[in-house]
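# Architecture and fold: a report
Spelled out, the chains give:
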Amino acid sequence: MKLSYDLHMHSCLSPCGDADMTPNNMINMAILNGLQVVALTDHNSCKNCPAFLEVARRSGILAIAGMELCTAEEIHVVCLFPELEAAMAFDEEVYSRVPAIENRPEIFGEQWVMDENDAVLRSEPRLLINASTIPIAEAPLLARKYGGFAFPAHVDKSAYSALSNLGFLPPECGFTVVEVKEPERFLAEEENRGKIAGCQVITNSDAHYLWDIAEPVRTLELAACSASRLLEHFAAEKDKI
């Protein structure tokens, strides 16, 4: 079945995420937009995933727990997990490897952890946008340790991407999926196509505001509408290379 998706979105837990990016607002906007599969991928944290997945469960849309990991090289890597428990275990390990630098909301923005009714449970004190101590070569392995799948985020951006920071996709990572923000522009150049040769290209919103959440213009062909089937689909790409 073909399913419309947006697998890279930020809630109000990300300091750069708008205050209106609450679990209920995000899920409701995704439904209004006609999306069928969404993922929450806050910076270095999965702590709003429990509320996000519960709201989605009540609403009938498939939601996936995830994270946008910032590696030691300041490269963003999206990590998705088949189950909430696995994502929260991954969250604990990543949190232990994020510098214990206190957030300054007046500079970076608030970091709200919310419940399924959009009530604020607490403010996350540690600044989440800093680089972790996890190198990019370790990121895919660490995600797989918890049953997850990792792919480099927005490789066509001029900052926080593997291509902007390194100039190439490290072969030892074994990436088989890449996120491209503007595929029509990026893939028009042969040099760019060569840099991601053998990888499936997906496009997500990287939404920080409700109006940025994707319209249903991109689809994935999945055997069933489930998180495990989605990750199996991505993992299967390796067998085709």
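Before reading further, recall that the structure is shown in the block above.
Values in this document were obtained by computation on a predicted structure and should not be read as measured data.

### Here we look at the nonpolar core
One broad rule of soluble globular proteins: the nonpolar side chains tend to lie buried together. Counting residues in each nonpolar core, the largest one holds 49 residues, and the members touching the most others are Val38 and Phe52. Secondary structure elements with two or more residues in this core: helix H1 (23-33), strand S2 (37-43), helix H2 (49-59), strand S3 (62-70), strand S4 (76-81), helix H3 (84-95), helix H5 (139-145) and helix H6 (162-165). With five residues, the single largest contributor to this core is H2. Apart from residues lying up to four places away in sequence, Phe52 is in contact with Met9, Pro23, Met26, Ile27, Val38, Ala39, Leu40 and Ala63. Counting residues in hydrophobic clusters, the runner-up holds 20 residues, among them Ile64, Ala227, Leu230 and Phe234.

### Topic: the packing of H1 against H2
Taken N-terminus to C-terminus, the directions of H1 and H2 make an angle of 45°; their axes are 9 Å apart at the nearest point. Between H1 and H2, the angle falls in the class oblique. Once H1 is placed against H2, the crossing between them reads as right-handed. Residues Pro23, Asn24, Met26, Ile27 and Ile31 of H1 pack against Ala51, Phe52, Val55, Ala56, Arg58 and Ser59 of H2.

### Here we look at the side chain of Ser132
Structurally, Ser132 can be placed in the loop between strand S6 (120-123) and H5. Owing to a relative accessible area of 4%, Ser132 belongs among the buried residues under this scheme. Setting aside chain neighbours within four positions, we find Ser132 in contact with Leu69, Cys70, Thr71, Ala72, Arg97, Val98 and Pro99.

### Focus: H3
Its 12 residues give H3 an end-to-end C-alpha distance of 16 Å, which sits within 8% of 16 Å, the value for a rise of 1.5 Å per residue. Those residues of H3 that fall on the buried side of the exposure criterion are Ala86, Ala87, Phe90, Asp91, Glu93 and Val94. Within H3, the buried residues cover an arc of 165° as seen down the axis, which keeps them to one side. Of the exposed residues in H3, those oriented more than 90 degrees away from the buried face are Glu85 and Glu92. The inward-facing, buried residues of H3 contact S3, S4 and H5.

### Thoughts on the pairing of strand S7 (residues 149-152)
Looking along a regular strand, one sees the side chains alternate between the two faces of the sheet. In S7, alternate side chains face the same way, and those of Phe149 and Phe151 on one face and Ala150 and Pro152 on the other are all buried. Relative to S7, S4 runs antiparallel, the two being bridged by four bridges. Residue pairing across strands places Val77 opposite Pro152, the latter belonging to S7.

### Quick notes on the pairing of strand S1 (residues 2-6)
Of all five residues in S1, four are buried; the element is thus mostly enclosed. Where S1 meets strand S10 (residues 219-221), three bridges bridge the pair, whose relative direction is antiparallel. Across the sheet, the residue bridging to Leu3 is Leu220, located in S10. Across two bridges, the pairing between S1 and S2 is parallel. By the bridge assignment, Tyr5 is partnered in S2 with Val37.

### A look at the pattern of salt bridges
Note on pairing: side chains with opposite charge can pair once their charged atoms come close. Scanning all chains against the criterion turns up 12 salt bridges. For the salt bridge of Asp91 with Lys47, the shortest nitrogen-to-oxygen distance reads 2.9 Å. In this pair, Asp91 sits in helix H3 while Lys47 sits in the loop between S2 and H2, placing the two residues 44 residues apart along the sequence. Per residue, the accessibility class of Asp91 equals that of Lys47, and both read buried. Across the salt bridge formed by Arg122 and Glu124, the nearest N and O atoms sit 3.2 Å from each other. On the basis of relative accessibility, which here comes to 37%, the residue Arg122 falls in the partly exposed class. Accessibility expressed as a relative area gives 2% for Glu124, which makes it buried. Taken together, the shared-partner salt bridges in this structure form one network comprising Asp156, Glu182 and Arg185.

Scoring rules and cut-offs
Residues numbered from 1 in each chain as written. Predicted model: local features only at pLDDT ≥ 70, side-chain atom pairs only at ≥ 80, totals over all residues. Heavy atoms only, no water. Core = buried A, V, L, I, M, F, W, Y, C linked by side-chain atoms within 4.5 Å. Buried < 20%, exposed > 50% of the residue type's maximum accessible area, 1.4 Å probe, protein only. Helix = DSSP H or I, 4+ residues; strand = E, 2+ residues; numbered from the N terminus. Contact = heavy atoms within 4.5 Å. Axes fitted to C-alpha atoms, helices over the stretch in contact; angles between N-to-C directions. Parallel < 35°, antiparallel > 145°, perpendicular 65-115°, else oblique. Left-handed = near helix turned anticlockwise from the far one by under 90°. Expected span 1.5 Å × (residues − 1). Arc of directions from axis to C-beta. Pairing = 2+ DSSP bridges. Salt bridge = Lys/Arg side-chain N within 4 Å of Asp/Glu carboxyl O.

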